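The primary structure of each chain is shown beneath.
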Amino acid sequence: MKRILLLLGLIFTFSACGENQKSEEKAEVEEQTESTDQNSDNPVPEEQPEAVSPEQEYEHEVVAGNMSTPWGFDFLPDGSMLVTEKGGDIYHFKDGKRAAISGGPEVYNQGQGGLLDIALHPDFENNKWIYITYSSDEGEGEGGNTALMRAKLENNQLTNREDLYKAEPNSTRGQHFGSRIVFDGEGHLFFSIGDRGNRDVNPQDITRDGGKIYRLNLDGSIPSDNPFVGEENAKEAIYSYGHRNPQGMIFNEETGEVWVNEHGPKGGDEINVIVAGKNYGWPVVTYGENYDGTTITEQRTGPEFQNPLTYWVPSIAPSGFEKVTSDKYPELKGNLLVGALKFQYLEHLAMENGKVTKREKLIEGLGRLRDVQQGPDGFIYAAVEGTGIVKILPLEELNN
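Student: I'd like a rundown of the environment of N290, residues and numbers included.
Tutor: Structurally, N290 is set in the loop between β17 (269-274) and β18 (310-312). If sequence neighbours within four positions are ignored, N290 has contacts with R199, K266, T295 and I296.

Student: Quick one: what's the story with the pairing of strand β23 (residues 369-374), residue by residue and with numbers?
Tutor: Buried residues dominate β23, accounting for six of its six residues. The pairing of β23 with strand β24 (residues 380-384) spans five bridges and is antiparallel. Across the sheet, residue L369 finds its bridge partner in β24, namely V384. Linking β23 to β24, which pair antiparallel, is a turn of five residues; within it G378 sits at a positive phi near 90°.

Student: Can you tell me about the sheet that holds strand β6 (residues 97-100), naming the residues and giving the values?
Tutor: Read from one edge of the open sheet, four strands run β3-β4-β5-β6, paired in antiparallel fashion. Pairing within the sheet leaves two strands with one partner each, and these edge strands are β3 (70-75) and β6. Neighbour-to-neighbour, the strand axes of the sheet open up by a mean angle of 25°, direction not taken into account. With four bridges connecting them, strand β5 (residues 90-94) and β6 associate as antiparallel partners. Counterpart to H92 in the pairing with β6 is A99.

Student: Could you give an account of the confidence of the model for the protein chain, naming the residues involved and the relevant values?
Tutor: Here the protein chain averages 91 in pLDDT, and 89% of its residues register 70 or above. Ranking the elements of the protein chain by mean pLDDT puts helix α1 (residues 2-39) last with 41 and strand β14 (residues 238-241) first with 99.

Student: Go over the nonpolar core with me, naming the residues and quoting the values.
Tutor: Ranked by size, the top nonpolar core spans 29 residues in total, and within it F73, I363 and I389 carry the most contacts. Taken together, the elements giving at least two residues each to this core come down to β2 (58-64), β3, β4 (81-85), β5, β23, β24 and β25 (388-394). Per element, the largest residue contribution to this core is five residues, and it comes from β24. Leave out the neighbours within four places in its chain, and I389 touches E61, V62, V63, A64, P70, F73, M81, V83, Y381, A382 and A383.

Rules used throughout
- Residues numbered from 1 in each chain as written.
- Predicted model: local features only at pLDDT ≥ 70, side-chain atom pairs only at ≥ 80, totals over all residues.
- Heavy atoms only, no water.
- Helix = DSSP H or I, 4+ residues; strand = E, 2+ residues; numbered from the N terminus.
- Contact = heavy atoms within 4.5 Å.
- Buried < 20%, exposed > 50% of the residue type's maximum accessible area, 1.4 Å probe, protein only.
- Pairing = 2+ DSSP bridges.
- Axes fitted to C-alpha atoms, helices over the stretch in contact; angles between N-to-C directions.
- pLDDT = per-residue confidence, 0-100.
- Core = buried A, V, L, I, M, F, W, Y, C linked by side-chain atoms within 4.5 Å.

This is the structure in structure tokens:
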């Protein structure tokens, strides 16, 4: 009898152990599935391939020359260009001739600050509005911070100036002003401001400016559906936060999203797809390190942070951003272009299913590429420090 009871006890024990193991395995599978589901819209990026020489060779021609630091540019309806010089000047280039634009803002030209981006209102042909970002010493405190204004362009003169946004407080630090401008086609303007070198305070605090992407209506008012409208003490113009220094921005018409590229520290430059209200992690998570090689954080990602689409290690120091839609460059069409300040080339990132599959170094050694845009004629143009605006041409196009 005892043997029978012992045998039954052992059977029950093994059966229970088996059931527990199955339950644990099931729970583990469910946990993994849940984790995968949670990350399906926020995947951790894969390491990039190394940049290589291009399969297609390119040349360039200077179309707007004799410039020191051309920071931003945009095209007028007739194909001519408005170009900002970081030092504070705005020029109109048409038919090879340069004319100064009067009435521009007074800039705080310090470090990386100065006269920054310029962009035409989507309906410029009818209303003549243009938008400009620049560093300004207006407001509280010594130094300066990034500001956004708009004005009407009439006969090479800016009139009807309106100040739309001014980050605060001012700082005497000379780094990380941002700052790019794009429109989403739905009556909104997006612009960026860097963390102003105050990484441990500004980027993670929505009651402070700096380290943010902002969204305004085209008249400068704050959209009622901005993510932090109504939150106590929040800067209601903020659209996303946890950024370091975004100096490239596009509106991706194919996806309906704003994409930015931004400087990391030593390593950890990023391309981010901007989602309302999301935290992009700087400096709590980063793929970079301090410039002296010491660790900022061991964390690369976290459940509360939006992951980058891709990142660079080592840094290329990205500035300027464009998605190619032109048939002029079939080998580039649908892909991304980014100016590499550090290595002085134009980087081509081939994309497939939201991932970078190839990196190419176009027009190497030309200089520090500050901005890149596709013109209304379908050609790619780049702002190069020490030169001006250049037109990028495939060799066969140049020889025709």
